[in-house]
Amino acid sequence: FFGVSNLHALEEADTQVFDKGAKPIGDWGEIQAATYRIRSNMRDIFITGDVEGYAKRIAARAEERTKAEADFEKTLVSDEAKLLWKNYKENQAKIGEANKKIRDLIAAGKKGEAQTLQYGESEKLQQEQNKIYGDMTAAKIKFSRNLAEGNTKSADSASKAMYTLMSIGALLAVGLGIIIS
């Protein structure tokens, strides 16, 4: 019974490594990809001047990102990841506001002002976002590694306990066999 219950606990912990650690890194990648596609669309607005057309593409990418964000947020367990998520959301809101200002400036024919914003304040926000992307990825890997190491320790402990119990059972069987005969 002891061994089986420990195996079930290990199975649950192992599922956590995947569900809360490894799988979310894929969602995080989707979030980053959607963000980079939005950045590309912002660049294309400068090149083409087609604010309306690219605004629709940006909205579609933002919708994709929002879906991935909802899935990703459910996997946040550590305080470190929760703080990074808070910083990510705050910074992303500022980037969204800056992007809207840039589109409005281009639509108003103020491309120079839009470029100043794009390659000044907005670029700084994007660089901060890139740092958050790296830090969150590292936090998820650290979380997964810690879970996996804990699982290994638990498995070792359960194995030792099962071997000890089997040895005691074998000794009892031999002892009882000697007493009975």
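The written sequence of each chain sets the order in which its residues are numbered from 1. Local features in this predicted model are restricted to residues whose pLDDT is 70 or higher, and side-chain atom pairs enter the listing and the counts only when it is 80 or higher, whereas totals over whole chains, interfaces and linings include all residues. Neither water nor hydrogens contribute to the side-chain values; these are computed over all heavy atoms in the structure.

### As for the pattern of salt bridges
Note the threshold: When a carboxyl oxygen of Asp or Glu is within 4 Å of a side-chain nitrogen of Lys or Arg, the pair counts as a salt bridge. Segments assigned H or I by DSSP are reported as helices when at least four residues long, segments assigned E as strands when at least two residues long, and all are numbered from the N terminus. To sort residues, take the accessible area from a 1.4 Å probe on protein chains only and compare it with the maximum for the residue type: under 20% means buried, over 50% means exposed, and anything in between is partly exposed.
By the definition in use, this model includes eleven salt bridges. Note that D27 is salt-bridged to K23, the shortest N-O span being 3.5 Å. Within this pair, D27 and its partner K23 are both found in helix α1 (residues 2-48), separated by four residues, close to a single helical turn. Judged by relative accessible area, which is 8%, D27 ranks as buried. According to the relative accessible area criterion, K23 is partly exposed, its value standing at 40%. R37 serves as the salt-bridge partner of E64, at 3.6 Å between the closest nitrogen and oxygen. Note that E64 is positioned in helix α2 (residues 51-73) and R37 in helix α1, a separation of 27 residues in sequence. Three or more residues joined by partner-sharing salt bridges are found here, namely R37, R61 and E64.

### Quick word on the packing of aromatic side chains
Counted only if it meets this: Two aromatic rings, drawn from Phe, Tyr or Trp (for Trp, its six-membered ring), form a pair once their centres lie within 6.5 Å of each other, and the interplanar angle then sorts them: stacked below 30 degrees, edge-to-face above 60, tilted otherwise. Two limits define a charge over a ring: the Lys NZ or Arg CZ must be within 6 Å of the ring centre, and within 35 degrees of the ring normal.
As enumerated under the stated definition, the model contains nine aromatic pairs in all. Note on F72 and W85: the rings are 5.5 Å apart at their centroids and 40° apart in plane angle, and the pair reads as tilted. Taken together, the residues span a long stretch of sequence, with F72 in helix α2 and W85 in helix α3 (residues 79-107) at a distance of 13 residues. Given the relative accessible area of 6%, W85 is considered buried. Joined through ring pairs, the aromatic side chains of W28, Y36, F72, W85, Y88 and Y133 make up one cluster. Between the NZ or CZ atom of K140 and the centre of the ring of F72, over which it lies, the distance is 5.5 Å.

### A closer look at the packing of α2 against α3
The test is simple: Angles run from 0 to 180 degrees between N-to-C directions of axes, and those axes are lines fitted to C-alpha atoms, restricted for helices to the stretch in contact. To sort the angles, those under 35 degrees are grouped as roughly parallel, those over 145 as roughly antiparallel, those from 65 to 115 as roughly perpendicular, and the leftovers as oblique. Contact criterion: two residues are considered in contact whenever any of their non-hydrogen atoms come within 4.5 Å of each other. Note on residue categories: nonpolar means Ala, Val, Leu, Ile, Met, Phe, Trp, Tyr, Cys or Pro, charged means Asp, Glu, Lys or Arg, and polar means any other residue, Gly included.
Close contact between α2 and α3 brings their axes to 12 Å; oriented N to C, the two are set at 175°. By the angle between their directions, the pair α2 and α3 is classed as roughly antiparallel. Contacts between α2 and α3 involve V51, A55, I58, R65, E69, F72 and E73 from the first element and W85, Y88, K89, Q92, R103, I106 and A107 from the second. Of the residues that constitute the contact of α2 with α3, the class distribution is eight nonpolar, one polar and five charged.

### Points about a nonpolar patch on the surface
Here is the rule we go by: Candidates for patches are residues over 30% relative accessible area with no salt bridge; among them, like charges are joined within 9 Å and nonpolar side chains (Val, Leu, Ile, Met, Phe, Trp, Tyr) within 5 Å. Areas reported here follow the Shrake-Rupley algorithm with a probe of radius 1.4 Å; residue values treat only the protein chains shown as occluding.
Taken together, the side chains of L165, I168 and L172 define a hydrophobic patch exposed on the protein surface, amounting to about 290 Å² of accessible area. Following the sequence through the fold, I168 ends up in helix α5 (residues 121-180).

### Topic: α3
For clarity, the threshold we go by: A helix is expected to span 1.5 Å multiplied by its residue count minus one.
The first and last C-alpha atoms of α3 sit 42 Å apart over 29 residues, in line with the 42 Å expected at 1.5 Å per residue. Immediately beyond the C-terminal end of α3, within one or two residues, lies G109, with a positive phi of roughly 80°.

### Some words on α2
For an α-helix, the turn length of 3.6 residues means that residues three or four places apart are oriented alike. Here α2 contains 23 residues, and its C-alpha end-to-end distance of 31 Å stays within 8% of the 33 Å for a straight helix at 1.5 Å per residue. Listing the buried residues of α2 in full gives V51, Y54, I58, R61, R65, A68, E69 and F72.

### Some thoughts on the environment of Q118
Topologically, Q118 is positioned in helix α4 (residues 111-118). Judged by relative accessible area, Q118 falls into the buried class, the value being 14%. Spatially, the C-alpha atom of Q118 lies 35 Å from that of F143, the residues being 25 residues apart in sequence. Once you skip the residues sitting within four places of it in the chain, Q118 turns out to touch M42, F46, N99, I102 and E123.

### Describing the confidence of the model for the chain
Put simply, the test is: The predictor reports its confidence for every residue as pLDDT, a score running from 0 up to 100.
Scored by pLDDT, the chain comes out at a mean of 87, with 92% of its residues at no less than 70. Between the elements of the chain, mean pLDDT differs from a low of 82, seen in α1, to a high of 96, seen in α3.

### A look at the environment of A22
Along the chain, A22 turns up in helix α1. Exposure remark for A22: the relative accessible area of 40% places this residue in the partly exposed category. Along the sequence, A22 and D44 sit 22 residues apart, while their C-alpha atoms lie 34 Å from each other. When near neighbours in sequence (up to four residues on either side) are disregarded, A22 contacts V17 and S144.

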